[in-house]
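Summary of structural features
Each chain, written out:
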Amino acid sequence: MASGPRPAAPDDSVRTTSPGRRGDKVVSAPTGDPAAAAAGSLKRTASPVRSVVASPRPVKGRAGREAARRRLQLPPVSQAEGPGEGPREEDEEPLLSEPEEDDAEARPLPPVCGSPMRGMWRDEKVALYCDEVLRGCKAEDADDAMTKYLSEKLKLKDKWLGVWKTNPELFFMKYEEASIPFVGILVEVTCKPCPSSSSCFNVTVSIAEPFSSNIANIPRNLVNEILEELEHNVPLLEVYPVEGQDSDLHDIALALEVVRFFYDFLWRDWDDEESCENYAALIEERINLWCDIQDGTIPGPIAQRFKKTLEKYKNKRVELVEYQSNIKEDPSAAEAVECWKKYYEIVMLCGLLKMWEDLRLRVHGPFFPRILRRRKGKRDFGKTITHIVAKVMTTDMVKDLSSDTLLQQHDDLDLALDSCYSGDTVVIFPGEYQAVNLALLTDDIIIKGIGKREEIMITSEPSHDSFVVSKADNVKLMHLSLIQQGTVDGIVVVESGHMTLENCILKCEGTGVCVLTGAALTITDSEITGAQGAGVELYPGSMAILERNEIHHCNNLRTSDISKSTLGGVNMKADCG
């Protein structure tokens, strides 16, 4: 059971792909509340309408071609020709122009129905899907349950007005994706869906009066021709009921939203391939995961990683389906190898998504052991070394050290950390540094800057999940600035042992300092700012001493709603198990 065509993505949705008919390669994966996804980017007023520059698909018939040609023109010479270039080729694709006087512009789209789901609590969403829609069915029967639910709602009214929102590729061959997120047309809907899966329901539509679209200069004749090609049948999930009709339409709008959200977020392609004793419980876990993302229980950067993983999984499935469909008869050895390669990519992503859906993984936070490196301990000869990190070492740099200090100079912080044994000290002089080994601290060392803390800047590697992670018994960072750039985990994660931060600046971009169960942290005279969440997260069984610190401009609820945000703070997680 695979989800079929989806409605075109509104402005604020995640763009993912799904197999379906030609031109139906963009679906909506909600990034906010599912009600917002259903309503798309349309506000409670008429949708904005504007002209765009795009090359329409050719339409059939002489009359259609002539009508389209009247509406088309080449861009101005300044855009069509670069310096020293000649005129454009005659076969260059023409672009949409302003309609002529006898061809009225499309009017703005009316607002679509809002949804009660926007105000639903977590328990209400669970009850809606598990008790009212799925009703204890197995995964392989979920599609039938969704179909039955939607069919019952569609019986309320067989004709209504809606906005058909579809992929621009259906209308245009060349266009700016940012300028045309979807094509919206006001249509009259006749609801007589044929018996098929709810994700593949088609309904009969015709252009409603007055002709309305989110694209002012779209030719009406082009829309007519496209609908004729489709035999006036479009996917039901691409149609959004218009506000202002009777109350039955609000029930239909809610039902459509419920089905869209199910296939966009709750359904997984592997569900009906694996035995699941309690499918409703699995759906409840996915709803909880969604709500945890929305209310900030899962930090923003980690939520983004989940969404990207889900999007990548969907894309890879589409790639495999399309690749297999292009293989003729018996596949060659190279084609077979490529199929297996794509398949194993999907299996890997499937495993990652399943980990996210395991509630036990998230009860104590989305953290897991990161450091698999063993402790080195002390050197065999018992001596400790002071590692100087600077491009050039001078005598002034070491004048304050005792004469019997063993020195080793490095121009790279990563090499210095890799050379450390327990008891060593790393001395960093002003400059900008990166070091992946900061995420692998296992030995008891001191890392300290010389000079102003603002001048010793250590930045994270954006492509890595972790920045500073320690499981050493006693590690100390002093007089440094840690600048987080794109990493997913906390700016500092203390997995076990004890860490001391003294006179440091921590500029967070994601999660703040995280102290996991059994670990301890001491922070003095330091500044923590910019965390998406509390500045310091304390997990059950952890311990922290905080003295003379500044923790500010951190969003304690991890929400984009400024009215609900708080600044700064320490979050102590309670163990309710």
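Residues numbered from 1 in each chain as written. Predicted model: local features only at pLDDT ≥ 70, side-chain atom pairs only at ≥ 80, totals over all residues. Heavy atoms only, no water.

- Looking up the protein chain in an unreviewed UniProt entry gives the name Testicular spindle-associated protein SHCBP1L isoform X5, with the organism given as Camelus bactrianus.

A word on the overall build of the protein chain
- When helices and strands are counted, the protein chain shows twelve helices and 30 strands.
- Scored against the burial criterion, the 577 residues of the protein chain give a buried share of 50%.
- Across the protein chain, the fraction of contacts at a sequence separation of at least 24, relative to all contacts at a separation of at least 6, is 64%. (Helix = DSSP H or I, 4+ residues; strand = E, 2+ residues; numbered from the N terminus. Buried < 20%, exposed > 50% of the residue type's maximum accessible area, 1.4 Å probe, protein only. Contact = heavy atoms within 4.5 Å.)

Comments concerning the sheet that holds strand β16 (residues 446–449)
- Read across the open sheet, the eight strands follow the order β13-β12-β14-β16-β19-β22-β25-β28; overall the sheet is parallel. Looking at strand neighbours, the two that pair on one side only are β13 (406–410) and β28 (543–547), the edges of this open sheet. Each adjacent strand pair in this sheet contributes to an overall mean axis angle of 15°, direction not counted.
- By the bridge criterion, five bridges tie strand β12 (residues 385–389) to β13 in an arrangement that is parallel. Residue pairing across strands places valine 389 opposite histidine 410, the latter belonging to β13. (Pairing = 2+ DSSP bridges. Axes fitted to C-alpha atoms, helices over the stretch in contact; angles between N-to-C directions.)

Let's talk about helix α5 (residues 142–154)
- Over its 13 residues, α5 extends 18 Å from the first C-alpha to the last, a length consistent with the 18 Å expected when each residue adds 1.5 Å.
- Looking at the buried positions of α5, the neighbouring elements they touch are α4 (122–134), α7 (247–266) and α8 (279–295). (Expected span 1.5 Å × (residues − 1).)

Digging into the packing of aromatic side chains
- Across all of its chains, the model carries twelve aromatic pairs by this definition.
- Seen from their ring centres, tyrosine 129 and phenylalanine 261 are 6.1 Å apart, and the 55° between their planes marks the pair as tilted. Note that tyrosine 129 is positioned in helix α4 and phenylalanine 261 in helix α7, a separation of 132 residues in sequence. Pair check on accessibility: tyrosine 129 and phenylalanine 261 agree, each one buried.
- Ring centres 6.2 Å apart and planes at 35° place the aromatic pair phenylalanine 262 and tryptophan 267 in the tilted group.
- Its relative accessible area of 0% is what places phenylalanine 262 among the buried residues.
- In this structure, lysine 165 is placed above the aromatic ring of phenylalanine 182, and the distance from its NZ or CZ to the ring centre is 4.8 Å.
- It is lysine 165 that lies over the ring of tyrosine 240; its NZ or CZ is 4.3 Å from the centre. (Phe/Tyr/Trp six-rings, centres within 6.5 Å; stacked < 30°, edge-to-face > 60°. Lys NZ or Arg CZ within 6 Å of the ring centre and 35° of its normal.)

Describing the nonpolar core
- If you look at the biggest cluster of nonpolar residues, it comprises 78 residues, and the most contacted ones within it are Trp164, Phe171, Ile218 and Phe262.
- When residues in this core are grouped by element, the largest group, twelve residues, is from α7.
- With 40 residues, the next largest nonpolar core counts Ile458, Val468, Val494 and Val515 among its residues. (Core = buried A, V, L, I, M, F, W, Y, C linked by side-chain atoms within 4.5 Å.)

Comments concerning the pairing of β16
- Residues Ile447 and Gly449 line the buried face of β16, whereas the alternating positions Ile446 and Lys448 sit on a face that is not buried.
- Summarising the sheet, strand β14 (residues 425–428) and β16 pair through four bridges and their orientation is parallel. Within β16, the residue paired with isoleucine 428 across the bridge is glycine 449.
- Here three bridges tie β16 to strand β19 (residues 474–478), and the two strands are oriented parallel to one another. The residue bridging isoleucine 447 from the neighbouring strand is leucine 477, located in β19.

Notes on the side chain of serine 542
- The residue serine 542 is located in the loop between β27 (536–538) and β28 in this model.
- Of the polar contacts made by the side chain of serine 542, one reaches the backbone oxygen of tyrosine 539; its length is 2.6 Å.
- Contacts of serine 542, omitting those with residues within four sequence positions, involve Val515, Leu516, Thr517, Gly518 and Ala519. (Polar contact = N/O pair within 3.5 Å; in protein donor to acceptor, adjacent residues only side chain to side chain.)

Quick word on the packing of α5 against α7
- Packing of α5 against α7 leaves a shortest axis separation of 9 Å and a crossing angle of 165°. Classified by the angle between their axes, α5 and α7 sit roughly antiparallel to one another. Every pair of crossing elements has a handedness; the one defined by α5 and α7 is left-handed. Counted together, Ala142, Asp143, Met146, Tyr149, Leu150, Lys153 and Leu154 of α5 and Asp251, Ile252, Ala255, Leu256, Val258, Val259, Phe262 and Tyr263 of α7 form the full contact between these two elements.
- For the contact of α5 with α7, the residue count by class is twelve nonpolar, no polar and three charged. (Parallel < 35°, antiparallel > 145°, perpendicular 65-115°, else oblique. Left-handed = near helix turned anticlockwise from the far one by under 90°. Nonpolar A, V, L, I, M, F, W, Y, C, P; charged D, E, K, R; others polar.)

Regarding the sheet that holds strand β26 (residues 527–529)
- Ordered by their spatial adjacency, six strands build an open sheet running β15-β17-β20-β23-β26-β29, and the pairing between neighbours is parallel. Edge positions in the sheet fall to β15 (431–433) and β29 (550–552), since each has one partner strand and no second. Direction aside, neighbouring strands of the sheet carry axes that sit 15° apart on average.
- As judged from the three bridges shared by strand β17 (residues 456–459) and strand β20 (residues 481–483), these two strands associate in the parallel manner.

Comments concerning the environment of tryptophan 164
- The topology assignment puts tryptophan 164 in strand β6 (residues 159–166).
- Once you skip the residues sitting within four places of it in the chain, tryptophan 164 turns out to touch Leu170, Phe171, Val183, Gly184, Ile185, Val187, Leu227, Leu230, Val234, Glu238 and Val239.
- At 2.7 Å, the side chain of tryptophan 164 and the side chain of glutamate 238 are in polar contact.

Some words on unusual backbone geometry
- Cis rather than trans, the peptide bond between glutamate 209 and proline 210 has omega equal to -5°.
- Positionally, proline 210 belongs in the loop between β9 (202–207) and α6 (220–229).
- Of note in this structure, histidine 479 is not a glycine but carries a positive phi near 55°.

Regarding a nonpolar patch on the surface
- Nonpolar side chains collect at one region of the surface, where Trp340, Tyr343, Tyr344 and Val347 lie side by side and expose about 440 Å² of accessible area between them.
- Relative to the elements of secondary structure, tyrosine 344 occurs in helix α10 (residues 333–356). (Patch = residues over 30% accessible without salt bridge, like charges linked within 9 Å, V, L, I, M, F, W, Y side chains within 5 Å. Areas by Shrake-Rupley, 256 points an atom, 1.4 Å probe, with all protein chains shown as cover. Salt bridge = Lys/Arg side-chain N within 4 Å of Asp/Glu carboxyl O.)

Overview of α7
- Given a rise of 1.5 Å per residue, 20 residues ought to cover 28 Å, and the 27 Å separating the end C-alpha atoms of α7 matches this to within 8%.
- Burial analysis of α7 places 16 of its 20 residues in the buried class, the great majority of the element.

A short note on the environment of valine 163
- With respect to the helices and strands, the residue valine 163 is situated in strand β6.
- We classify valine 163 as buried; its relative accessible area is 0%.
- Separated by 20 residues in the primary sequence, valine 163 and valine 183 have C-alpha atoms spaced 9.6 Å apart.

A few points about the pattern of salt bridges
- Summed over the entire model, instances satisfying the criterion amount to 16 salt bridges.
- Aspartate 246 is paired through a salt bridge with lysine 157; the nearest N and O atoms lie 2.9 Å apart. One end of the pair, aspartate 246, is in the loop between β11 (239–241) and α7; the other, lysine 157, is in the loop between α5 and β6, and 89 residues separate them in sequence.
- By relative accessible area, which is 33% here, aspartate 246 ends up partly exposed.
- Classification of lysine 157 as partly exposed rests on a relative accessible area of 25%.

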